[in-house]
Amino acid sequence: MSATPTGRVVVAGASMGGLRAAEQLRAAGWTGTITVVGDEPHMPYNRPPLSKEVLAGKAPFESLAFTPKAAAADVDWRLGTKAVAARLTDRTVALDDGSEIPYDGLVVATGMRPRRLRCPGPLTGRHTVRTADDAQGLRAELTRSGARVVVVGAGFIGCEVAATAVGLGVREVTVVDPLPLPMVGPLGELLGRALRKRHEERGVRFALGTAVAGFEGEDRVTGVVLSDGTVLPADVVVESVGSVANVGWLEGNGLDLSDGVLTCGQLRVGDRAEVVAVGDVARFPNARYDGVPRRVEHWSIPTDTARHAAKVLVAHLAGAQADLAPFTPLPTFWSDQHDFRLQSFGAPLLGLGDVRVLDGDPDGDVLVGYHTDDRLVGVVALGGQAAARGAARYRAQLLRQPALTA
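Residue positions are given per chain, counting from 1 as you read along its sequence in written order. Given that the model is predicted, a residue must reach a pLDDT of at least 70 before its local features are reported, and side-chain atom pairs must reach 80 or more before they are shown or counted; all residues, however, enter totals for whole chains, interfaces and linings. To get the side-chain values, take all heavy atoms of the structure and skip hydrogens and water.

What to know about the packing of helix α1 (residues 16–27) against helix α7 (residues 301–317)
Line of reasoning, step 1. Note on geometry: axes are lines fitted to C-alpha atoms, helical ones only across the stretch in contact, with angles between N-to-C directions running from 0 to 180 degrees. Numbering goes from the N terminus for both helices and strands, where a helix is a DSSP run of H or I of at least four residues and a strand is a run of E of at least two. Running from N to C, α1 and α7 point in directions that differ by 40°, and their axes come no closer than 8 Å. Accordingly, the angle class assigned to the pair α1 and α7 is oblique. For α1 against α7, the interelement crossing comes out right-handed. In contact with M16, G17, R20, A21, Q24 and L25 of α1, α7 contributes P302, T303, A306, R307, A310, L313 and V314.
Line of reasoning, step 2. Three residue categories are used. Nonpolar comprises Ala, Val, Leu, Ile, Met, Phe, Trp, Tyr, Cys and Pro, charged comprises Asp, Glu, Lys and Arg, and polar comprises the others, including Gly. Its residues placed into classes, the contact of α1 with α7 shows eight nonpolar, three polar and two charged. Any angle that falls under 35 degrees is termed roughly parallel, while one over 145 is termed roughly antiparallel, one within 65 to 115 roughly perpendicular, and all others oblique. With the far helix as reference, a near helix turned anticlockwise by less than a right angle produces a left-handed crossing, and one turned clockwise produces a right-handed crossing. A contact between two residues is defined here by any heavy atoms of the two lying within 4.5 Å.

A word on the layout of surface pockets
Line of reasoning, step 1. Only protein atoms enter the 1 Å grid, on which a cavity is a set of points fitting a 1.4 Å probe that cannot get out and a pocket is an open set with protein on both sides within 12 Å along at least 5 of 7 lines, lining residues being those with an atom within 4 Å of a point. Grid points are joined across faces, edges and corners, and a volume is the space filled by probe spheres set on the points. The volume enclosed by the second largest pocket comes to roughly 600 Å³.
Line of reasoning, step 2. Lining of the second largest pocket is provided by 32 residues; of these, D39, E40, T110, M112 and N246 occupy positions nearest its centre.
Line of reasoning, step 3. When contributions to the lining of the second largest pocket are tallied by element, the ones reaching two or more residues are β2 (33–38), β4 (83–87), β8 (112–114) and α3 (132–142).
Line of reasoning, step 4. A per-element tally of the lining of the second largest pocket places β8 first, with three residues.

Focus: the packing of aromatic side chains
Line of reasoning, step 1. Put simply, two rings from Phe, Tyr or Trp (the six-membered ring, in Trp's case) pair if the centres are within 6.5 Å, and we call them stacked under 30 degrees between planes, edge-to-face over 60, tilted for the rest. Under the definition given, this model contains four aromatic pairs.
Line of reasoning, step 2. Pairing F284 with F327 gives two aromatic rings, centres 5.2 Å apart and planes at 55°, and the pair type is tilted. With F284 in strand β21 (residues 282–285) and F327 in the loop between α7 and β23 (332–337), this residue pair connects regions lying 43 residues apart in the sequence.
Line of reasoning, step 3. Only protein chains enter the calculation, and the probe is 1.4 Å; a residue is then buried if its accessible area is under 20% of its type maximum, exposed if over 50%, and partly exposed in between. Among the residues examined, F284 registers a relative accessible area of 2% and is labelled buried.
Line of reasoning, step 4. F327 sits in the buried class, given a relative accessible area of 7%.
Line of reasoning, step 5. Lysine and arginine charges are scored as sitting over a ring when NZ or CZ, respectively, is within 6 Å of the ring centre and within 35 degrees of the ring normal. Cation over ring: R20 sits above F66, and NZ or CZ is 4.9 Å from the ring centre.
Line of reasoning, step 6. Over the face of the ring belonging to F340 we find R198, whose NZ or CZ atom lies 5.6 Å from the ring centre.

Read these as spatial facts, not as claims about activity.
Okay, structure coming up:
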């Protein structure tokens, strides 16, 4: 395949997805210019350690930086600036510094930003964990003597931050969530109960089944007011209440931006063959399952989507037809909390109606299977390394599974 040597591909987003897209464009044969635009001043870095090792002071931020592959050494990085608008018909991207970049191909890799609570009260003392600067600022607060911490949201990031805070010796750590159990949405009740027990045994408190109504304090937060009237004393609040896709810059182009950017099964955006999307901003149908478009916020997805999207885009720019099998990634995630790990393969969310213990016991190391129509669609291990290895043994079985019918 011969690529157009004089053209330009713009990658909007300079996180892991943007880096992998640039590398995979080169791997797919693109020899033209690649320009990557990102709002952070840093080169792409690994985000999962932010809520764990970096927050705990066990890993310096510098250790998180990815090393671009040699083939992508000539990429044009425009950091500290972001895409604010796109005219897909004209094939241009406008940046917040007032400049515009024309392109032959466009990769949407702008990712997510933290959702914030819209409640009355002061802003100072309230944190999110998405960027290196976020983690460094929060660490300074958690290491203050006698800090009382309230984490709003009992999902992945919320539980990881709570575990890290306890490990730092924070005297009070309380997790608030309107749902009845931690991580019950993606994992179900069985593991939700097991996770609550493990966190409580290690010093985390929970206020579940209630929401945040507001914040007390004048210049900074001193308390969290719950919907049931309870007031939790708080010197530090961590908001971990989900994320919002960075797609505002794509508005006005007739795209479906209702939850990320909708793509076809080949990761093309709308009817634009020269535009693809990668990473957790992409809402794509996975032919391995039921074909319903979904966003997937797992660490493996930027690489999986970049590899496929780059081949599709480079084939189009070379005037060829990409002869690719359907895009069928196997979602994978892990989460380290306290002294245990969650390890998952597949799509547990699709099997919450039929959850079974495959091995072990919820009070110890346990391996849980998630089923749809009596077919295994996901596995999650909770415990030590042995449990994680148990989940990995199911990976091949999950890869062999035929597609679900819609």
